[in-house]
Each structure stands twice: as C-alpha cells, then as structure tokens.
Amino acid sequence: MHIKKTGSGKNAIFMDCGIHAREWISPAFCQWFVKEAVSTYGSDPQMTSLLDQMDVYVLPVINIDGYQYTHTSNRMWRKTRSRKSGTSCIGADPNRNFNAGWCTLGASSNPCSDTFCGYSPESEIEVKNVADFIRKNKGIIKAYLTIHSYSQLLLFPYSYTYELAADHSELMKVAEGASSALRSLYGTRYTSGPGATTIYPAAGGSDDWAYDLGVKYSYTFELRDTGRYGFLLPESQIQPTCEETMLAVKYIAAYVQKNI
Ligand code: 0X9
Ligand code: ZN
Ligand code: ZN
C-alpha cells in the first residue's frame, strides 16, 4: 500500500509486516498503522507533517502463504510455503533469505530447519519481490522498518557480523528515543541494540540487507510480549500494542523527516 498525498518523487519510508507467519501481532500493526495514518491526517500535527513531506509504503503481510497456513493448519509455522523437488520439507525462512552475509551465521542449509536460508539468496518469491522494489526505489526510501514479534526489542544492523554499523551511535540514539516514546504510554520496556548482540547473530535478514543497500535508518521491531504468551498474544493486547508501537514508529519517522 502506498500512503501518499498527490504528486510524486517524494522521500519515503518502507514498512513491512508478517515476514514470519506465526507473528500475528505484526500484520495487525501494519493494518493499524494504515488506519491511523489515513484517519489522523489533518488532525494529528505529527502525522500531517509526516505525510505532507514523505510517502509511506506499507506491505501488510509479506509472507502471505505462511500466514494463511498458520490459520488453517499449523499456528506455529514460521517460513514461506515454497516447494522444491528432492525434499518433502517446505519453505525457507524469509528473514534468512536476503543477500546479506547469506547463510553464513545463525541460519541453516537444511531445508527442514525453521531457519533454512533457502537454496540461494532471494530464492523466495516474497523476498525477491521486496528486494526488487526496494532496489528500484532506493533513491527515495530513507527508512526501512520491519515488524516481528516477540521479545520487545528494537534492533538495527548488524546481525550477520559483530562489527558495529558505521551509523551505530545515531541508530542507537534514535532507537532509544523511540523506545522511550513507546514506554510513555503503558510502561512497556524495550531493549535497543544491534541484532547480533541484542538477540542473536543471524545472517540473511532484511534489515542488514536494506542497510548495506544504503537505507540508513533500518530497524527491526520485536513487539510484545517477552514470552508469557509469545506468538499467542491475547486479543486484549492487540490494541495497546499497536497504540504504543505507533509512538515509536512516529518517533523514528519524525527523526528521519528532520534528518534527510
Ligand atoms: O530471527 C529473526 O529473524 C528475528 N527474530 S524472530 O523471533 N522474529 O524470528 C530477528 C531478526 C534480527 N535481524 C537479523 N537477524 N538480520
Ligand atoms: Zn502509489
Ligand atoms: Zn520474526
């Protein structure tokens, strides 16, 4: 979805949800974001100023086949649903399939693993399409946000190496600002930091790939909770999670808007 005023060629923020099938709060957030954006434009000064100056691209569910599968067959499915002859195991982990240190670390070359990196970078059609879109629009895409769950983390590059990103201090400062904006609503605590040391080293992720392509403000959100319900976040937490996450996303967006 392309949220924009009239005219074109404006700088943009790209956000995707639902890269992992079972992380249901993620697509819920993208849907919430679009609703908030269109319904508060013109009344909320921050949203109005953002959309006056920037476009937002929202991909509500990247891994649509996997998401459907979690509704029909296996609630805990993570990967895509691609098939290949020679194995009965299905799918690859789309967040191990991007071309960023592909399959070198924290990923598996076993097609039956939940973190299977795929047969080659961008072998998954969902990954190929997103990567093509971002490559084609890299001149205007200034921020890349990808929404996962769970753990309450705000991660940024790198995850495929322990080396710090060239923009480490700025990325950390913005992440901490976004986390405190989020916490201000219901007191939900987030930890910020580079993926490799904050969650675990894992190559082939979309955040590292977008960053190395030149999209400086590249963040992975791990939404609620910290494990009590995990992927099975109760319905009663959907709205509060979306409300608090909006504050973090708007914080990052406002920062990007001011600093491009
Ligand atoms: O492992 C992942 O892909 C993400 N965690 S999740 O529990 N949602 O699966 C973390 C991704 C962090 N970034 C990279 N590894 N590039
Ligand atoms: Zn459009
Ligand atoms: Zn995930």
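Because the structure is a prediction, the values reported are computed rather than measured.

1. Considerations on the packing of helix α5 (residues 168–186) against helix α8 (residues 238–258)
Following both chains from N to C, one finds α5 and α8 inclined at 145 degrees, their axes separated by 8 Å at the closest point. Relative to α8, α5 is oriented so that their crossing is right-handed. Packed against α5, whose contacting residues are Glu170, Lys173, Val174, Gly177, Ala178, Ala181, Leu182, Ser184, Leu185 and Tyr186, the element α8 presents Pro240, Glu243, Glu244, Thr245, Leu247, Ala248, Tyr251, Ile252 and Tyr255 at the interface. Broken down by class, the residue content of the contact of α5 with α8 amounts to 12 nonpolar, three polar and four charged.

2. Focus on the site of ligand 1
Around ligand 1, the structure places 16 residues, and the nearest of them are Arg78, Arg96, Tyr200, Asp207 and Glu222. In the model, a nitrogen atom of ligand 1 is placed 3.1 Å from a nitrogen or oxygen of the His148 side chain. In this structure, Ser149 approaches ligand 1 through a main-chain N or O atom, which is 3.3 Å from a nitrogen atom. Protein chains shield 96% of the accessible area of ligand 1, which is 410 Å² for the free molecule. Taken atom by atom, the bulk of ligand 1 overlaps the largest pocket. Residue assignment for the shell around ligand 1 shows that the elements contributing at least two residues are β4 (141–149) and α7 (206–213). Looking at the shell around ligand 1 residue by residue, the class counts come to four nonpolar, six polar and six charged.

3. A word on the pattern of salt bridges
By the definition in use, this model includes 12 salt bridges. Between Lys250 and Asp44 there is a salt bridge, and its shortest N-O distance comes to 2.9 Å. Of this pair, Lys250 sits in helix α8 while Asp44 sits in the loop between α1 (25–40) and α2 (45–53); the two residues are 206 residues apart in sequence, bridging distant segments of the chain.

4. Quick look at the coordination of the zinc ion (ligand 3)
Coordination of the zinc ion (ligand 3) by the protein comes from His20 (ND1), Glu23 (OE), Glu23 (OE) and His148 (ND1), over a distance range of 2.0 to 2.3 Å. All donors of the zinc ion (ligand 3) come from a single chain, and their spacing in sequence reads H-x2-E-x124-H. One end of the pair, Glu23, is in the loop between β2 (12–17) and α1; the other, His148, is in strand β4, with 125 residues separating them in the sequence. The exposure classification of Glu23 matches that of His148, with both residues buried.

5. As for the nonpolar core
Of all hydrophobic cores here, the largest spans 45 residues; its most connected members are Phe29, Phe33, Tyr219, Phe221 and Ile252. If we ignore the near neighbours within four places in the chain, the residues touching Tyr219 are Tyr144, Leu145, Thr146, Leu154, Leu155, Phe156, Glu170, Leu171, Val174, Ala175 and Ile252. Ranked by size, the runner-up nonpolar core spans 16 residues in total, among them Ala100, Val127, Tyr144 and Val215.

6. Describing the sheet that holds β4
Strand order across the open sheet formed by seven strands is β1-β3-β2-β4-β7-β5-β6, with mixed pairing between neighbours. The outermost strands of the open sheet, each flanked by one partner alone, are β1 (2–3) and β6 (191–194). In this structure, β4 lies alongside strand β7 (residues 217–223), joined through seven bridges in parallel fashion. The residue bridging Leu145 from the neighbouring strand is Tyr219, located in β7. Packed onto the sheet, α8 meets β2, β4, β5 (153–156) and β7 and runs at close to 170 degrees relative to β7.

7. Section: the side chain of Gln237
You can see Gln237 is positioned in the loop between β7 and α8. A relative accessible area of 17% places Gln237 in the buried class. Aside from chain neighbours lying at most four places away, what touches Gln237 is Arg224 and Tyr229.

8. Remarks on the packing of aromatic side chains
In this description, an aromatic ring pair is defined by two values, namely the gap between the centres and the angle between the planes. In this structure the tally under the stated criterion is 13 aromatic pairs. Put simply, the rings of Phe14, Tyr57, Phe133 and Tyr144 touch in pairs and so form one group of aromatic residues. Here the guanidinium or amino end of Lys35 rests over the ring plane of Trp32, the centre of that ring lying 3.6 Å away. Over the ring of Trp77 we find Arg81, and its NZ or CZ is 4.7 Å from the ring centre.

9. Digging into the state of the cysteines
Overall, the coordinates contain three disulfides when judged by the stated rule. The residue that forms a disulfide with Cys17 is Cys30, at a sulfur-sulfur distance of 2.1 Å. Linking Cys17 and Cys30, the disulfide has an S-S dihedral of approximately 80 degrees and is accordingly described as right-handed. Note that Cys17 is positioned in strand β2 and Cys30 in helix α1, a separation of 13 residues in sequence. Both residues of the pair, Cys17 and Cys30, belong to the buried class. Bridging Cys103 to Cys117, the disulfide has an S-S length of 2.1 Å. On the sign convention where negative is left-handed, the bridge of Cys103 and Cys117, at about -75 degrees about the S-S bond, is left-handed. In this pair, Cys103 is assigned in the loop between α3 (64–72) and α4 (125–136) and Cys117 in the loop between α3 and α4, connecting sequence segments 14 residues apart. What connects to what in the protein chain, once the bonded cysteines are numbered by sequence position, is 1-2, 3-5, 4-6. Free of any disulfide, Cys242 has its nearest neighbouring cysteine sulfur in Cys17, separated by 9.0 Å.

Thresholds applied
- Residues numbered from 1 in each chain as written.
- Chains lettered and ligands numbered in written order.
- Predicted model: local features only at pLDDT ≥ 70, side-chain atom pairs only at ≥ 80, totals over all residues.
- Heavy atoms only, no water.
- Axes fitted to C-alpha atoms, helices over the stretch in contact; angles between N-to-C directions.
- Helix = DSSP H or I, 4+ residues; strand = E, 2+ residues; numbered from the N terminus.
- Left-handed = near helix turned anticlockwise from the far one by under 90°.
- Contact = heavy atoms within 4.5 Å.
- Nonpolar A, V, L, I, M, F, W, Y, C, P; charged D, E, K, R; others polar.
- Near = heavy atom within 4 Å.
- Polar contact = N/O pair within 3.5 Å; in protein donor to acceptor, adjacent residues only side chain to side chain.
- Areas by Shrake-Rupley, 256 points an atom, 1.4 Å probe, with all protein chains shown as cover.
- 1 Å grid on protein atoms, 1.4 Å probe; cavity = no way out; pocket = protein on both sides within 12 Å on 5 of 7 lines; lining within 4 Å.
- Sits in = over half its atoms within 2 Å of the grid points.
- Salt bridge = Lys/Arg side-chain N within 4 Å of Asp/Glu carboxyl O.
- Donors = N, O, S within 2.8 Å, 3.2 Å for Na, K, Ca; no water.
- Buried < 20%, exposed > 50% of the residue type's maximum accessible area, 1.4 Å probe, protein only.
- Core = buried A, V, L, I, M, F, W, Y, C linked by side-chain atoms within 4.5 Å.
- Pairing = 2+ DSSP bridges.
- Phe/Tyr/Trp six-rings, centres within 6.5 Å; stacked < 30°, edge-to-face > 60°.
- Lys NZ or Arg CZ within 6 Å of the ring centre and 35° of its normal.
- Disulfide = S-S within 2.5 Å.

Function-wise, these values are silent; they only describe arrangement.
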